[in-house]
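Working through the structure, step by step
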Amino acid sequence: MNETEVKTNPQGDPITSVAAPPSATKKDPHAEAKRQKVVTPEYMFHEAPRTKEFITGSEAAKEAVRRSNVDLAIAYPITPQSETMQLVGVLYGEGYVKEYYRGEEEVGVMAAIAGGSRAGVRCYTATAGPGTLRGLEGIASWPGHRLPVVAMFTCRVVNAPLAIQPDNIEVSYLLNCGMIVFHAENQQDMFDFTMAGFTISEKNDVTLPVGVCCDGFFVTHARGYVRMQDRGIKLPPREAWRGAVPVLDAENPPARLSRDAPVQKSNFMAYNIHAVWQQEVWAAVERSRKYINKYMGGLLTAENVEGADAIIIASGSAAAQSREAVRLCKEKGLNVGLIKVRSLRPFPTQELRQLCAKTKLIVVPEFNYVGWLAKEVATAIYGYSKAKIIGGPRVYGGQSMPVELIVDEVESGLTGKKSTNVAMSQIMGGTVNPDDVAHFMRSI
Amino acid sequence: MATTQDTRERIIVPGPAGFHPPSAAQLGVSLPDPGQGLFYGLLEPNEDVVIEEMARKMLTSPNATIFPGPLLLWAWNDHAVEKAKATLEIAAQIPEVMIIPMPDYRPKYPKIDPEEVINPNHPNLTIWGNKIEACIFIGVHCHYANLTLKMIRAGTNCCTMAICAEQGHEDAMLTIRDSDTLKIKRVAQIFKKVREQMGIKLPENGQNVRFTGTQSKVHGGQTHTNPMAFAPTPGGTGSAAMFGHSAEQMKREG
């Protein structure tokens, strides 16, 4: 080899390796994605055949994104609660997601997602715990800007000291943003809620972001059976021109009629416009009910509630534990039903009023300290049910929830047998019964 | 005159509804399904009933006005142009009607000219300024239409109507949905039928649209015009200037 034939890198070092010879059999990594066929949401959700696979929640989210015709996904994969965005990156490599990159942190990610949605493309991201709160300023602005987005929140501890264990306290921060909020119990819910979320969020009369929450770790890292449609089909693309607001198009003069920020030019009318703007966001949340009923089969599911003496109301992983608690209660001769709340925003107020009208006891187990679901339930059914509401049991900081805790609350509520717990509702109400505390201390 | 035989209690009626009334959604009003309409907040299975009531209100209320929005005013595509022309057919059936555009959604500062435009951030100023007691919104993006309708109901006595290309508007007193070119033309035909039933005649010279003061100045002092003379042609002729909204004004408002 003479000197002129030596190839070097920019630093002048000789390159000793040689490029692999072009292969006649090299496959197009996007080939499968290119063959995907668009189907209607109605076919996708109600008619398409499904096959069952045993996968993690993160993988379920990935498979949902694969079938959702996503244009843009932006990752800041907070460690280690969810590998979802890493897996969505694989989809980008395979051509199922058109654009994908890693943001610098959650503020940037949520802002960039807003930009993508304003520009008219279908956007997806996921975060967890402290990441959710860091991005919350941007997230909370999405509804007001009427931005269809699907964001996954794989809940973990947010309080100091930080931890990576599941605790869904962050859901309480999302409930009042004006976005639609679903709470997934398991891997199947992660799959279904994510896909339905895209469809619902982009309906003209909704045009809102959808948050799909789950109790991280339990759902994201654990495997479960998920029934999925064929990966060769996908949802229709976003029709941004049908949105409730015009898309941002900086290249054409009508961009000037876009979404200037009226509320920041303060005068009397600015307050008025801001007020009706908020009314409109929440009206859009209300309008999503019919689509949740259509594509997800309802804001809640109910099991054995007709004539039940007690009803356990739960969401997320607590619903799974509660289902087992119902079985144990039945062995004890207790007639107990279960309501699993799937949609937290909009909240199934009318449904709960109807289902809880005649029961004697309601138990609301939760994976957080503050009991946000118990408060929601109590507010919803106040004046419509005479049931005693026990806000608990509650576990937090990453604890798992022994089923016996739930059974104990039901049994004590129905029979008067002393609970080995002190129900959180009693403590928070400032009416701690010393006898209960004494009993609790003896029990431990 | 009585405009309906329906005895149900109406929910969404001309205001002023108050300082900050609940939205229609908060009052339990939900949007109609295809083929249906909303009749003062009540679900009306037959949208033609709603359209007939729209016609009666526009033909009998002082200073009735059509507010076309950006989806009609700008020639986004040929379909938008066709819908704009069909909307002018509605205007052509209403004697003394005014047409005031909503060309964009940015607030007009330092002060809106109510004879020039209406704006979703302070729509009541245009309603008050022209003493409008019935109006039709058409071609406005739904979010901004909803803001506008809420504010008008809160602060004015105007009967609001929305001809919507999507799913309709709860906060309008009368609304229909899925309004493509064909449906807008059908609305014009129903307006014609109702007008003839009521014995209301159009001016023989066809100039039934009344200019606002500002519009009159732009048109050399002319007070009325024939709306069909403004019908745009396909191919990008829809522009701000078409509706008396010059590029210079756009710059000023920025």
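Residues numbered from 1 in each chain as written. Chains lettered and ligands numbered in written order. Predicted model: local features only at pLDDT ≥ 70, side-chain atom pairs only at ≥ 80, totals over all residues.

1. As for the overall build of chain B
Cut-off, in case you're wondering: A run of DSSP states H or I qualifies as a helix once it reaches four residues; a run of E qualifies as a strand once it reaches two. Both are numbered from the N-terminal end. Comment: burial labels come from other C-beta atoms within 10 Å of the residue's own C-beta, placed from the backbone, where a count of 20 or more is buried, 12 or fewer is exposed, and between is partly exposed. Contact between residues is assigned whenever the C-beta positions, reconstructed from backbone atoms, fall within 7 Å.
Looking only at helices and strands, one finds 8 helices and 9 strands in chain B. A total of 254 residues make up chain B; the buried ones form 52% of that total. Sequence separation of 24 or more characterises 67% of the internal contacts of chain B that already satisfy a separation of 6 or more.

2. Things to note about the overall build of chain A
What chain A contains, in helices and strands, is 16 helices and 16 strands. For chain A, the proportion of its 444 residues judged to be buried stands at 51%. Long-range contacts, defined as pairs at least 24 residues apart, comprise 79% of the intrachain contacts of chain A with a sequence gap of at least 6.

3. Here's the deal with helix 13 (residues 372-381) of chain A
Note that an α-helix has 3.6 residues per turn; residues three or four places apart therefore point the same way. Counted residue by residue, helix 13 of chain A has 7 buried out of 10 residues, so it is predominantly covered. Every buried residue of helix 13 of chain A is listed here: Trp372, Leu373, Ala374, Glu376, Val377, Ala380 and Ile381 of chain A.

4. Things to note about the nonpolar core
One recurring pattern in soluble globular proteins: nonpolar side chains tend to sit buried together. Residue and element names in this part refer to chain A. For clarity, the cut-off: For the purposes of this analysis, a nonpolar core is taken to be any set of buried Ala, Val, Leu, Ile, Met, Phe, Trp, Tyr and Cys residues that are connected through C-beta atoms within 7 Å. Domain start and stop positions are those given by an automatic or database domain assignment.
Judged by nonpolar contacts, the single largest core of 188 residues is most densely connected at Ile312, Ile362 and Val410. For this core, the element with the most residues is helix 10 (residues 268-296), which contributes 10 residues. Residue-level mapping places this core at the junction of two domains, with at least three residues from each of domain 1 (31-242) and domain 2 (302-443). Residues in contact with Ile362, not counting those within four places in the same chain, are Ile311, Ile313, Cys356, Val377, Ala387, Ile389 and Ile390.

5. Things to note about the packing of helix 3 (residues 78-91) of chain B against helix 6 (residues 181-197) of chain B
Residues and elements named next belong to chain B. The cut-off we apply is this: Angles run from 0 to 180 degrees between N-to-C directions of axes, and those axes are lines fitted to C-alpha atoms, restricted for helices to the stretch in contact. Should an angle lie under 35 degrees it is considered roughly parallel, over 145 roughly antiparallel, and from 65 to 115 roughly perpendicular; all remaining angles are considered oblique. Following the grouping adopted for this structure description, the nonpolar residues are Ala, Val, Leu, Ile, Met, Phe, Trp, Tyr, Cys and Pro, the charged ones are Asp, Glu, Lys and Arg, and the polar ones are all others, Gly among them.
At a closest axis distance of 8 Å, the pairing of helix 3 and helix 6 adopts a crossing angle of 5 degrees. As far as their axial angle goes, helix 6 and helix 3 are roughly parallel. Listed contacts from helix 6 to His79, Glu82, Lys83, Ala86, Thr87, Glu89 and Ile90 of helix 3 are Thr181, Ile184, Lys185, Val187, Ala188 and Phe191. Here the contact of helix 3 with helix 6 is composed, by residue class, of 6 nonpolar, 3 polar and 4 charged.

6. A short note on the interface of chain A and chain B
Where the parts come together, the accessible area they lose is often given as the size of the interface. Each side of the interface is counted separately: chain A has 26 residues, and chain B has 24 residues. For the side of chain A that touches chain B, a count of residues per class yields 12 nonpolar, 4 polar and 10 charged.

7. A short note on the sheet that holds strand 3 (residues 65-68) of chain B
Paired through backbone hydrogen bonds, the strands of a sheet run either parallel or antiparallel to each other. All names here are of chain B. Definition in use: Only when DSSP finds a minimum of two bridges between them are two strands counted as paired.
Read from one edge of the open sheet, 7 strands run 2-1-7-6-5-3-4, paired in mixed fashion. The outermost strands of the open sheet, each flanked by one partner alone, are strand 2 (42-44) and strand 4 (98-99). Across 3 bridges, the pairing between strand 1 (residues 37-39) and strand 7 (residues 174-176) is antiparallel. Bridge pairing links Phe39 to Leu174 in strand 7. Sheet strands touched by helix 3: strand 3, strand 4 and strand 5 (134-138). Its angle to strand 3, the strand with the most contacts, is close to 175 degrees. Contacting strand 5 and strand 6 (159-163), helix 5 (residues 142-155) crosses the sheet at an angle of about 165 degrees to strand 6.

8. Points about the confidence of the model for chain A
Basically, it comes down to this: Looking at any residue, its pLDDT shows the predictor's confidence there, from 0 to 100.
Confidence along chain A averages 88 in pLDDT terms, with 86% of residues attaining 70 or more. Under a pLDDT of 50 for its full length, residues 252-259 of chain A has, in the predicted model, 18 contacts with residues more than four places off or in other chains.

9. Here we look at the pairing of strand 3 (residues 72-75) of chain A
Residues and elements named next belong to chain A. Going residue by residue along strand 3, you find Leu72 and Ile74 tucked away on one face and Ala73 and Ala75 tucked away on the opposite face as well. For strand 3 and strand 4 (residues 99-102), the ladder comprises 4 bridges, and the chain directions are parallel. Of the residues in strand 4, the one forming a bridge with Ala75 is Arg102. Note that strand 3 and strand 5 (residues 123-127) share 2 bridges and pair parallel. In the strand pairing of strand 5, Ala73 is matched with Tyr124.

10. Some points on the domain arrangement of chain A
All names here are of chain A. By the assigned domains, chain A splits into domain 1 (31-242) and domain 2 (302-443). Each of domain 1 and domain 2 has a C-alpha centre, and the two are 30 Å apart. Of all the secondary-structure elements, those providing two or more residues to the side of domain 1 that touches domain 2 are helix 8 (169-174), strand 7 (180-184) and strand 8 (210-215). The element that contributes the greatest number of residues to the side of domain 1 that touches domain 2 is strand 7, accounting for 5 residues. Here the side of domain 1 that touches domain 2 is built from residues that sort into 15 nonpolar, 5 polar and 3 charged.

11. Comments concerning the environment of Thr199 of chain A
Residues and elements named next belong to chain A. Position of Thr199 among the secondary structure elements: in helix 9 (residues 187-201). The class for Thr199 is buried, based on 24 C-beta atoms found within 10 Å. As for Thr199 and Pro236, which are separated by 37 residues in sequence, their C-alpha atoms are 9.0 Å apart. Once residues within four sequence positions are removed from consideration, Thr199 is found in contact with Pro41, Leu235 and Tyr295.

12. Describing the confidence of the model for chain B
Residue and element names in this part refer to chain B. Across chain B, the average pLDDT comes to 89, with 89% of residues at 70 or higher. The low-confidence segment residues 235-254 (pLDDT under 50) makes 30 contacts with residues lying over four places distant or belonging to another chain. Per the prediction output, this complex has pTM 0.89; the corresponding ipTM is 0.88.

13. A short note on the environment of Leu334 of chain A
Residues and elements named next belong to chain A. If you trace the backbone, Leu334 turns up in the loop between helix 11 (317-331) and strand 13 (336-341). For Leu334, a count of 20 C-beta atoms within 10 Å translates into the label buried. As for Leu334 and Val407, which are separated by 73 residues in sequence, their C-alpha atoms are 9.7 Å apart. Those residues within four positions of Leu334 in sequence are excluded, and the remaining contacts are Asp309, Ala310, Cys329, Val410, Glu411 and Leu414.

14. A short note on the packing of helix 3 (residues 57-66) of chain A against helix 4 (residues 84-94) of chain A
Residues and elements named next belong to chain A. Note the threshold: Crossing handedness follows the turn of the near helix against the far one: under a right angle anticlockwise gives a left-handed crossing, and clockwise gives a right-handed one.
In the contact formed by helix 3 and helix 4, the axes pass within 9 Å of each other and the chain directions differ by 35 degrees. By crossing handedness, the relation of helix 3 to helix 4 is classed as right-handed. Here helix 3 contributes Ser58, Glu59, Ala61, Lys62, Val65 and Arg66 to the contact with helix 4, which in turn contributes Thr84, Leu87, Val88 and Leu91. In terms of residue class, the contact of helix 3 with helix 4 is built from 5 nonpolar, 2 polar and 3 charged.

15. Structural notes on the sheet that holds strand 11 (residues 300-303) of chain A
All names here are of chain A. Spatially, 11-13-12-15-16 is the arrangement adopted by the 5 strands of the open sheet, whose pairing is mixed. In the strand order of this sheet, the two ends are held by strand 11 and strand 16 (388-390), each with one partner. Here the average twist between neighbouring strands, direction ignored, is 20 degrees. The pairing of strand 11 with strand 13 spans 4 bridges and is classified as antiparallel. What sits directly across from Leu300, in strand 13, is Val341. This element, helix 13, spans strand 12 (310-314), strand 13, strand 15 (361-363) and strand 16 of the sheet and lies at about 165 degrees to strand 16. Contacts from helix 14 (residues 403-415) reach strand 12, strand 13, strand 15 and strand 16 within the one sheet, and its direction differs from that of strand 15 by about 160 degrees.

16. Some points on the environment of Ala17 of chain B
Residue and element names in this part refer to chain B. Checked against the element boundaries, Ala17 lands in the segment before strand 1. Sequence-wise, Ala17 and Glu82 are 65 residues apart; in three dimensions their C-alpha atoms are separated by 36 Å. Look past the residues within four positions of Ala17 in its chain and what remains in contact with it is Arg153 and Ala154.

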